[in-house]
Amino acid sequence: MTTTDKIIKMTWRPQYRSSKYRHVFGKPATKENCYDGVPITSSVHDNHLCAVNPRFIAVITECAGGGAFLVLSINHTGKVDPHHPKVSGHRSNVLDIKWNPFNDFSIASCSEDTTVKIWDIPEHGVVKNITVPWKELQGHSRRVGLIEWHPTANNIIFSTGYDYQVLVWKLDVPEQVIKNPVRSISVHSDVVLSMSFNTDGSRLATSCKDKKIRVIDPRSGVLLQESNCKTHKASKVLFLGNLKMLLSTGNSHWNHRQIALWDQEDLSQSSYSENLDGSSGVLFPFYDPDTHMLYIAGKGDGNIRYYEISPEKPYVHYLTEYRSLLPQKGMGVMPKRGLDVCSCEIFRFYKLVTTKSLVEPLSMIVPRRSESYQEDIYPMTAGNRAAVTAEQWIAGLDKGQSLRKESFLSERLDGSPTHVSNGQLDSTHCSPPGTENELRQVFYKQQEDIRRLKEQLHQKDVRIKQLELEIKNVRNSERS
């Protein structure tokens, strides 16, 4: 063997890349654990149309004579009452909804009626139509297409509309109707298609109908970076956690659906791009900064591709693809604090399937033999506490997200927070219901708790039968 052959043999490495997420698989919910009979909106707007937190799921619905969305308890699975009360205070179609990341009972909506409204949801859910918002934001001159909460500052929300403006709102003011935003950002020449913040909220990335990506200082409104790439027409953009990179989805020069990676400090040319297919639906990107996994879901597709992102070249590592015959119109995503750590669940989608009026939960599972808590796949993650107040953020303070550790004690059965003190669980005391309406709410809540407990009991029974069968097989093999 020559010296050159020895060097080649020593330096050659297989292309296989080790990853604990290589075998992640998608597990759709059973029919009884889906939300059936949901009148999903027929809007052609390319938004998620669904928002989820550990207590509630909200879906924009079809509604005659105004705009509305449905809010259900996260445990209210099965057939949905067609007359279930809605949040219906908009005068025209609702285009986007987002839960407050620091308050599970507060949700924002925007509409073709040019307003943004902030709603308070009762603790036990919506038992009658809600028409009066907590706050109404009036500042856009045309319909409002997107809203986004600031990721670290409390009571700060961004909105953008067909007037090409991005408005910054401060909510903790005495007025119920707010007409003066904190700032108006006027750097776009067309409709903004998506907005995304970096982890501490000091940068805002946008994609626009003019196919350009922009990075903006959200506090001052100063344009920091702007792409001018002719080979990639961006439709959605996403900050990739703290990697200082952006991910965009869009189309190539030949109209192939494409993903592209960008350095947030230099948008002159993409660092990486890949053509996916020739379909026409918009690609929705979702990124999990805890696992560094990227999920790409196509509107009108049934499949979801997923990748692992690394800070070194080639940056994007394809893992596999979840396939389904049910096409999704929109998608909701459960925050990490609402996942089932017992089953090694690392991500959960809520697929809107308009052909069946169905919302289907889809869990992404890391297969593990042990049923004990798998600490290595649950690092510190973003919690539900704001890092700064609205006043602090406006004054110039940037601070990273408040982190928490996921565990079995993350949430109580009813979804409310659980605290541990001196080894004892401390649950919030509830006073007895004083009115007929309060009694009805308690009844609905108990019914949901019973439904969930029955489902858990059924799953345990199935597991017991599986283990009994395995024991029987082992004994038979030993005898033979």
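Residues numbered from 1 in each chain as written. Predicted model: local features only at pLDDT ≥ 70, side-chain atom pairs only at ≥ 80, totals over all residues. Heavy atoms only, no water.

J.: Tell me about the overall build of the protein chain, and name the residues and values.
T.: Secondary structure assignment for the protein chain yields 3 helices and 35 strands. Within the protein chain, the proportion of its 480 residues that are buried is 49%. The long-range share in the protein chain, meaning contacts at least 24 apart out of those at least 6 apart in sequence, stands at 52%. Counting every atom, the protein chain has about 23,700 Å² of accessible surface; 50% of that belongs to carbon and sulfur. (Helix = DSSP H or I, 4+ residues; strand = E, 2+ residues; numbered from the N terminus. Buried < 20%, exposed > 50% of the residue type's maximum accessible area, 1.4 Å probe, protein only. Contact = heavy atoms within 4.5 Å. Areas by Shrake-Rupley, 256 points an atom, 1.4 Å probe, with all protein chains shown as cover.)

J.: Go over the packing of aromatic side chains, please, and point to the residues and values.
T.: The tally for this structure, following the rule as stated, stands at 13 aromatic pairs. Judged by centre distance (5.7 Å) and plane angle (40 degrees), the ring pair of Tyr295 and Tyr306 falls under tilted. Note that Tyr295 is positioned in strand S26 (residues 293–298) and Tyr306 in strand S27 (residues 304–309), a separation of 11 residues in sequence. The residues Tyr295 and Tyr306 share a single accessibility class, namely buried. Between Tyr307 and Tyr318 the ring centres are 5.5 Å apart and the planes differ by 70 degrees, which places this aromatic pair in the edge-to-face class. One end of the pair, Tyr307, is in strand S27; the other, Tyr318, is in strand S28 (residues 316–322), with 11 residues separating them in the sequence. Each residue in the set Phe286, Tyr295, Tyr306, Phe347 and Phe349 is aromatic and connected to the rest through ring pairs, giving one cluster. Above the ring of Trp134, the side-chain terminus of Lys135 is found at 5.0 Å from the ring centroid. One residue, Arg143, lies across the ring of Tyr162, its end atom 4.0 Å from the ring centre. (Phe/Tyr/Trp six-rings, centres within 6.5 Å; stacked < 30°, edge-to-face > 60°. Lys NZ or Arg CZ within 6 Å of the ring centre and 35° of its normal.)

J.: Could you give an account of the pairing of strand S20 (residues 223–226), with specific residues and numbers?
T.: Judged from the 3 bridges that link them, strand S19 (residues 213–216) and S20 form a sheet pairing that is antiparallel. Within the sheet, the bridge partner assigned to Ile216 lies in S20 and is Leu223. (Pairing = 2+ DSSP bridges.)

J.: I'd like to hear about unusual backbone geometry, residue by residue, with values.
T.: Residue Lys313 is joined to Pro314 through a cis peptide bond whose omega torsion reads 5 degrees. For Pro314, the position within the fold is in the loop between S27 and S28. Phi angles above zero are rare outside glycine, and Leu49 is one such case at about 65 degrees. Its place among the elements puts Leu49 in the loop between strand S2 (35–36) and strand S3 (50–52). In this structure, Asn255 takes a positive phi of about 65 degrees despite not being glycine.

J.: Quick one: what's the story with the side chain of His45, residue by residue and with numbers?
T.: Relative to the assigned elements, His45 resides in the loop between S2 and S3. Look at His45 and you get buried, because its relative accessible area is 15%. Only 3.5 Å separates the side chain of His45 from the side chain of Tyr162, close enough to count as a polar contact. With residues near it in sequence (within four places) discarded, His45 still touches Leu95, Gly145, Tyr162 and Lys299. (Polar contact = N/O pair within 3.5 Å; in protein donor to acceptor, adjacent residues only side chain to side chain.)

J.: For the sheet that holds S26, give the residues involved together with the corresponding values.
T.: Read across the open sheet, the 4 strands follow the order S25-S26-S27-S28; overall the sheet is antiparallel. Of all strands in the sheet, those bounded by a partner on one side alone are strand S25 (283–288) and S28. The sheet shows a mean angle of 25 degrees between the axes of neighbouring strands, taken without regard to direction. When S26 meets S27, the two strands line up antiparallel, connected through 5 bridges. (Axes fitted to C-alpha atoms, helices over the stretch in contact; angles between N-to-C directions.)

J.: Account for the environment of Ile121, with residues named and values stated.
T.: Summarising the element assignment, Ile121 is placed in the loop between strand S10 (115–120) and strand S11 (135–138). Separated by 17 residues in sequence, Ile121 and Asp104 have C-alpha atoms that sit 8.5 Å apart. Once you skip the residues sitting within four places of it in the chain, Ile121 turns out to touch Phe56, Val71, Val87, Trp99, Phe105, Ile107, Val126 and Ile130.

J.: Could you give an account of the sheet that holds strand S8 (residues 94–99), with specific residues and numbers?
T.: In spatial order, the strands read S8-S9-S10-S11-S15; together these 5 strands make up an open sheet with mixed pairing. Of all strands in the sheet, those bounded by a partner on one side alone are S8 and strand S15 (177–178).

J.: I'd like a description of the UniProt feature "coiled-coil region" (unreviewed entry) in the protein chain, backed by residues and values.
T.: In the numbering used here, UniProt assigns the "coiled-coil region" (unreviewed entry) feature to residues 450–477. With 100% helix and 0% strand, residues 450–477 has its two end C-alpha atoms placed 41 Å apart. (UniProt positions renumbered as here; feature names shortened; annotations may be inferred.)

J.: Just give me the short version of the nonpolar core, but keep the residues and values in it.
T.: Ranked by size, the top nonpolar core spans 32 residues in total, and within it Tyr35, Ile57, Phe69, Val71, Ile121 and Tyr350 carry the most contacts. At the level of secondary structure, the elements contributing two or more residues to this core comprise S3, strand S4 (56–61), strand S5 (67–73), S8 and strand S30 (345–353). Counting residues per element, this core draws most heavily on S4, which supplies 5 residues. Among the nonpolar cores identified, the runner-up in size contains 23 residues, and Tyr21, Phe286, Leu362 and Met364 belong to it. (Core = buried A, V, L, I, M, F, W, Y, C linked by side-chain atoms within 4.5 Å.)

J.: Quick one: what's the story with the state of the cysteines, residue by residue and with numbers?
T.: The final tally for this structure, using the stated rule, is 0 disulfides. Distance from the sulfur of Cys342, which forms no disulfide, to the nearest cysteine sulfur (Cys344) is 8.9 Å. The class of Cys342 is partly exposed, set by a relative accessible area of 43%. (Disulfide = S-S within 2.5 Å.)

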